[in-house]
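Observations on the three-dimensional arrangement
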Amino acid sequence: MFAKNTLASAVAAAIGVSAVGIAQADSVFFPYAALSTTVTTIVSVINTTSNNYDQSGIASTTANLLHYRFYYKSGAAADDLLAPCEEYDEYLPTSKNDIQTIDLGGVFGAETAGVLFNDPSINNKWVASGRDYALGRSVLPARGYLFVDNSDGVAPVADSGQTLAGEAFIFEFGSGAAWGYQAHDSNDQNYITKASESPSNVAIMPFTEVTTAFFVTPVDGEQAPDFQNNYRARVEFVTSSRGDMFDRDENLISGTLPQDVVCVARVNAADMLSDGTLARLGDGGWAKVHNYRVVPNATATAWVPAVFDATNSAVPSASAIRSDWDDGAVVIKLEYNAGATINGEAVGGTYNNAIMFAPE
Amino acid sequence: MNLKRFKSLVWGCALGALLASNPLYAVGQEEKSASFKPVTSAVMEATGAWEYRLDTAGGRWLAYYDKNRLLRLLDPEGLERLLVPEGRAQAPSGLAIAASSKGAIALWRDKHPAKGLYLLDTESLAADTATIKPLEIGGDTEPLARFLADTDDSGRTHLLWYGEKSGQPTGEVHNLYYRNLNRATQELSPTELVMAGIYPVMATDAKGNLIAFSWRSSGETKQIVSRFRSAETASGSSASSFNDLVEIAEVPEVTPIFQAFHSGSRWFAVWLGQYGADRRDFRLEGVRSDDNGRTWTRFSFDDLRGFDISSLQLAANDEGHILIAVSGRDRRTNDKAKQDVYLIRSADRGDSWSKAAPLRARADAGDGREDPLALFHARNPSVAFGGKPGQVLVVWEDWREIRSGLFASLSNDYGQTWALSDVPLPRPRGINLGLRYEPNAVYASGDTFHVIAEQYTDDSLESKQLIQLDIGGEALADLADAAKARRSQEMETREDVLRKRAEEYWSAMTQADFTKAYAYLDPFFRARMPLNIYLSNMGKIKYSEAKVDSIKIKGPIAEVITTIRASVPEFKVPTTGEIVSQPEREVPVTNRWLWLDGEWVSEFVIESQDIVFTRY
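Rules of the game
Residues numbered from 1 in each chain as written. Chains lettered and ligands numbered in written order. Predicted model: local features only at pLDDT ≥ 70, side-chain atom pairs only at ≥ 80, totals over all residues. Heavy atoms only, no water. Helix = DSSP H or I, 4+ residues; strand = E, 2+ residues; numbered from the N terminus. Rg over C-alpha atoms; globule rule 2.2 N^0.38 Å. Buried < 20%, exposed > 50% of the residue type's maximum accessible area, 1.4 Å probe, protein only. Contact = heavy atoms within 4.5 Å. Areas by Shrake-Rupley, 256 points an atom, 1.4 Å probe, with all protein chains shown as cover. Salt bridge = Lys/Arg side-chain N within 4 Å of Asp/Glu carboxyl O. Disulfide = S-S within 2.5 Å. Buried area = accessible area lost by both parts, 1.4 Å probe. Polar contact = N/O pair within 3.5 Å; in protein donor to acceptor, adjacent residues only side chain to side chain. Pairing = 2+ DSSP bridges. Axes fitted to C-alpha atoms, helices over the stretch in contact; angles between N-to-C directions. pLDDT = per-residue confidence, 0-100. Core = buried A, V, L, I, M, F, W, Y, C linked by side-chain atoms within 4.5 Å.

So, the overall build of chain A
For chain A, the count of helices and strands is three helices and 26 strands. Taken against the 2.2 N^0.38 rule, which gives 21 Å for 360 residues, the C-alpha radius of gyration of chain A at 21 Å falls within 12% of a compact globule. Here the C-alpha coordinates of chain A stretch approximately 60 × 50 × 35 Å along the principal axes. Sorting the 360 residues of chain A into buried and exposed places 60% on the buried side. Contacts in chain A between residues at least 24 apart in sequence constitute 73% of all its contacts with a sequence separation of at least 6. For chain A, the exposed area adds up to about 12800 Å²; of that, 54% sits on carbon and sulfur atoms.

Digging into the overall build of chain B
Of regular secondary structure, chain B possesses six helices and 41 strands. Counting across all 616 residues of chain B, residues that qualify as buried make up 56%. Across chain B, the fraction of contacts at a sequence separation of at least 24, relative to all contacts at a separation of at least 6, is 51%. With the model as given, the accessible surface of chain B reaches about 25400 Å², and the carbon-plus-sulfur share is 48%.

Thoughts on the pattern of salt bridges
All names here are of chain A. All chains considered together, the criterion is met by 50 salt bridges over all chains. The partner of D260 in a salt bridge is R234, with the nearest N and O atoms 2.6 Å apart. Within this pair, whereas D260 is found in strand β18 (residues 259-262), its partner R234 is found in strand β15 (residues 232-237), the two being separated by 26 residues in sequence. Summarising the burial analysis for this pair, D260 and R234 share the class buried. Between R242 and D244 there is a salt bridge whose closest N-O contact spans 3.6 Å. The class of R242 is buried, set by a relative accessible area of 5%.

Topic: the state of the cysteines
All names here are of chain A. Considering all chains together, one arrives at one disulfide over all chains under this definition. Put simply, C85 and C263 are joined by a disulfide, and their sulfur atoms are 2.0 Å apart. Disulfide C85-C263: the torsion about the S-S bond is -105 degrees, which places it as left-handed. Within this pair, whereas C85 is found in strand β6 (residues 85-93), its partner C263 is found in the loop between β18 and β19 (265-268), the two being separated by 178 residues in sequence.

A word on the interface of chain A and chain B
Between chain A and chain B, the contact holds 46 residues from the first and 48 residues from the second. Together, the buried faces of chain A and chain B total about 4000 Å²; carbon and sulfur atoms form 46% of this surface. For chain A, the biggest contributors to the area lost against chain B are R242, D275 and R280 of chain A; these three give 17% of the whole. Across the chain A-chain B interface, the total number found is five salt bridges. One salt bridge in this structure joins R109 of chain B and D249 of chain A, with 2.8 Å as the shortest N-O distance. Seen at the junction of chain A and chain B, the total is 22 residue pairs in polar contact (both at pLDDT 80 or more). Residue assignment for the side of chain A that touches chain B shows that the elements contributing at least two residues are β15, β17 (252-254) and α3 (275-279) of chain A.

Quick word on the sheet that holds strand β31 (residues 420-424) of chain B
All names here are of chain B. What the four strands build is an open sheet, ordered β28-β29-β30-β31; its pairing is antiparallel. A single partner strand is all that each edge strand has here, and the edge strands are β28 (378-385) and β31. If you compare each strand with its neighbour and ignore which way they point, the axes differ by 20 degrees on average. As paired strands, strand β30 (residues 403-411) and β31 are joined by three bridges and run antiparallel to one another. Among the inter-strand pairings, L410 is bridged to a residue of β31, identified as L420.

Concerning the pairing of strand β20 (residues 285-296) of chain A
Residues and elements named next belong to chain A. Most of β20 sits out of view: nine of its 12 residues are buried. Note that strand β12 (residues 200-204) and β20 share five bridges and pair antiparallel. Within the sheet, the bridge partner assigned to A203 lies in β20 and is W286. Of the pairings in the sheet, the one linking β15 to β20 comprises five bridges and is antiparallel in character. The residue of β20 that forms the bridge with R234 is Y292. As judged from the two bridges shared by strand β16 (residues 244-247) and β20, these two strands associate in the antiparallel manner.

Some points on the environment of A99 of chain B
Residue and element names in this part refer to chain B. Note that A99 resides in strand β7 (residues 93-100). Exposure remark for A99: the relative accessible area of 15% places this residue in the buried category. As a C-alpha pair, A99 and Q391 span 292 residues in sequence and 25 Å in three-dimensional space.

Overview of unusual backbone geometry
All names here are of chain A. Cis peptide bonds are those with omega within 30 degrees of zero, and the linkage from L140 to P141 qualifies with -10 degrees. Residue position: P141 is located in the loop between α2 (126-129) and β8 (142-149). At the junction of S198 and P199, the peptide bond is cis and its omega measures out at 0 degrees in the coordinates. Here P199 lies in the loop between β11 (184-186) and β12. The phi angle at A113 is positive, at roughly 60 degrees, despite the residue not being glycine.

Observations regarding the sheet that holds strand β16 (residues 201-204) of chain B
All names here are of chain B. Here we have four strands laid out as an open sheet, ordered β16-β17-β18-β19, and antiparallel in their pairing. Unpaired on one side and paired on the other, β16 and β19 (246-250) mark the two borders of the sheet. The sheet shows a mean angle of 25 degrees between the axes of neighbouring strands, direction not considered. As paired strands, strand β18 (residues 221-229) and β19 are joined by four bridges and run antiparallel to one another. Paired with I224 across the strands is A249, a residue of β19.

Concerning the confidence of the model for chain A
Considering every residue of chain A, the mean pLDDT works out to 89; 92% of them sit at 70 or more. The low-confidence segment residues 1-23 of chain A (pLDDT under 50) makes 41 contacts with residues lying over four places distant or belonging to another chain.

Section: the nonpolar core
Note on soluble globular proteins: their nonpolar side chains tend to be buried together. F30, Y68, L104, L146 and W179 of chain A together with W593 of chain B are the most contacted members of the largest nonpolar core, which totals 91 residues. Looking at this core element by element, the count peaks at seven residues for strand β1 (residues 27-35) of chain A. Apart from the residues lying within four places of it in its own chain, the contact partners of L104 of chain A are A33, L35, T40, T41, V43, F70, Y133, A134, L135, G136, R137 and L146 of chain A.

Describing the side chain of S27 of chain A
All names here are of chain A. By secondary structure assignment, the location of S27 is in strand β1. Within the structure, the side chain of S27 is placed 2.7 Å from the backbone oxygen of D188, a separation counted as a polar contact. Beyond its immediate sequence surroundings of up to four residues, S27 is in contact with F147, V148, D149, Q162, L164, H184, D185, S186, D188, Q189 and Y191.

Dropping the structure here:
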């Protein structure tokens, strides 16, 4: 289905410009995208340099392509926390100081290859390229993340500072509910420092009225691996020294459950609690939400917490000491109503709020 | 008006009037077999706490929080009083009741007039809330809203709570504290620091012996621990009145499922432990002691290993019969399974235990087909011994009829076999009845069992009132017969009715009569999404034709596939100016229909968020 993906990555690897080979490029990382028949993700990519790629992935100061890499899990796998992501990549036109706003699901901009808002295609010749920017158009429903890089700083191209940035907008066009975030950027492909602070204090609204979920995307020293992403991270509530959280009356209540995520997934807050705990937390409360990478133990019989190796940051290794565990995932909290109320009072429609927990 | 009198068993109060005026409450067999009585006068939050105790004369003292978080107490005569002044700021929380021959003691945490743990003895209950003077018993322990109260035969009330006072010798912030009240002299014993922990767990016997348990977390060491307090111990000395702490078991994590009890002179504690890195190795386990907690024998219910237990209620007598009713689901591999209800029993004071037996009757078990009941939650079972030796009633909340109702099983041999099994208790049409995870909602007086159930005030399931259902063995047999007849009658006509309903629904959609279509949607959705908001979201898709292709019915759930022709007329996206349209095309649409209140309704799904408003 995605021969182009495999071909492009294979060619890039064969000629030595695979993801590892271009590790010093500037990049921007959109940690979450959702696509379905009623939800789409609109991303804006801002590029401030002419240090880009040609179609073969060769760095040049006169080239005009950005490298888009969409990591996704689709169909039934979209709801499987532990399914790995496939990679789909494209080199797509850009130009210095260009902004490209793209509907990854291709719902909007159906006649313009997913490119939105009357983009004139003069310097950035996206029309002439004949390429489709709606990278997830044919894999609905899907969850994923987007990684985009240019060649700024890739030898022989000089480094002109941070040259890529972005924003994302997740839009349920049936109800009009929307939320967004600022994408992370970097002058390489290492996003370990962009993990959300662990722990982060998180407020939980009443479970019976408001649905709370976490979008979790593990980070790594190599955020754009070739072909597939199977990075695994864990999120859990540990608020004192136990698996616990506070209710709205300062009572500690134990019985929380860790949840593991591979590549990217949505975790319901209710699924992070035992049923006895959930029943006693009808009004919600607050917790410290932890995130960290996990790796197989020595016998490969279990997944255990990890730290990133100081000498080779792309490789996490097991650690038994909680205080050593490195922050390991970008965590976004989403909360929305299932009815037309908040605090039991009518609100006349849908609300949909998201918070991306900042890095430490 | 601060003082309100309510005779809760009289049909004159608000709920009584509601029920009496509702013809659905007086239909056929249901009226003959069992009776509903309103218990509470004020509406409660759906999650609102309540508690009750029987005094030595069998009178029921019941306290509850209303929707304004005001604490109310009902005496055995049905007189209801506010325990805190009406109109005050929200402050009381937590609730415990103890009862004896002299009435009841209510215990709550409050910030008015100062933060503390307040005790009210009904013997000293004033005529109105303005002059109610509860006793503050928490002192400087900074009590939190988790506490217990039990009265022994001597009239001494034992109080155990947890507080967050720092700088204690345990080195922990959260600790358990104890004191007792001599109701005859109104003398309070000194406050004692018992041990570290967040869950006060206690069992007392009639003589006044007690044993306190805690799950103690200190660094990497997490243990179940206990301390025994003899009834012979004098209070008031500077030394602790408790024996030394006994370390019982290393348990890395526990859920709030943690209880203590006794059968004769044998003491027990049971808890739900969490083991393994993913904490999904749930183990319902416990300990017993025959030497007042000096030594303990550990046991576990291995056939429930991996089951996340959401509620646990038990009945134990001094003859050694113990019944433990739980709801739970296997969460070892996923979070999707529905909860089910089980009973564990012992006839030899816990020397041995039965397997955890499912309380719901399984159809065609063992033939490889999916258990139809696995599609529906059942939870929060309560259990009680009856007036006759061996008689036991178990009642639970069950969603197999899409709405929540109560089901019951009756045994005459302590739960070994069932004389009546899996019987639906009467539920008026359109009403949802449930049980809370606590307290144990069933008790017996004479030959009658009483069930205190929660009745949701509407299909939003946001608020409730308490009702009482009285049932005897004969009534339950009548109910079983009536339910059987009703089910077989309904099965005969359902498919024809469904096809007609589905065609009517799609006819309304093709005519853009969304007001009419709304009436075919499930009532849980309609309760949360008013018609005007629904209408404001409709109309972007134009339906031109619809043909019901196939119907597949499984119990009260049906999958209906309809081929529709639809288009999206051109419209401009307000924020972007983008023109959006879709040409007409033919697509098959699968809808789930539910048999509810004697008719089929379409289950509303917000597909993008996988949200349904039903709760089964």
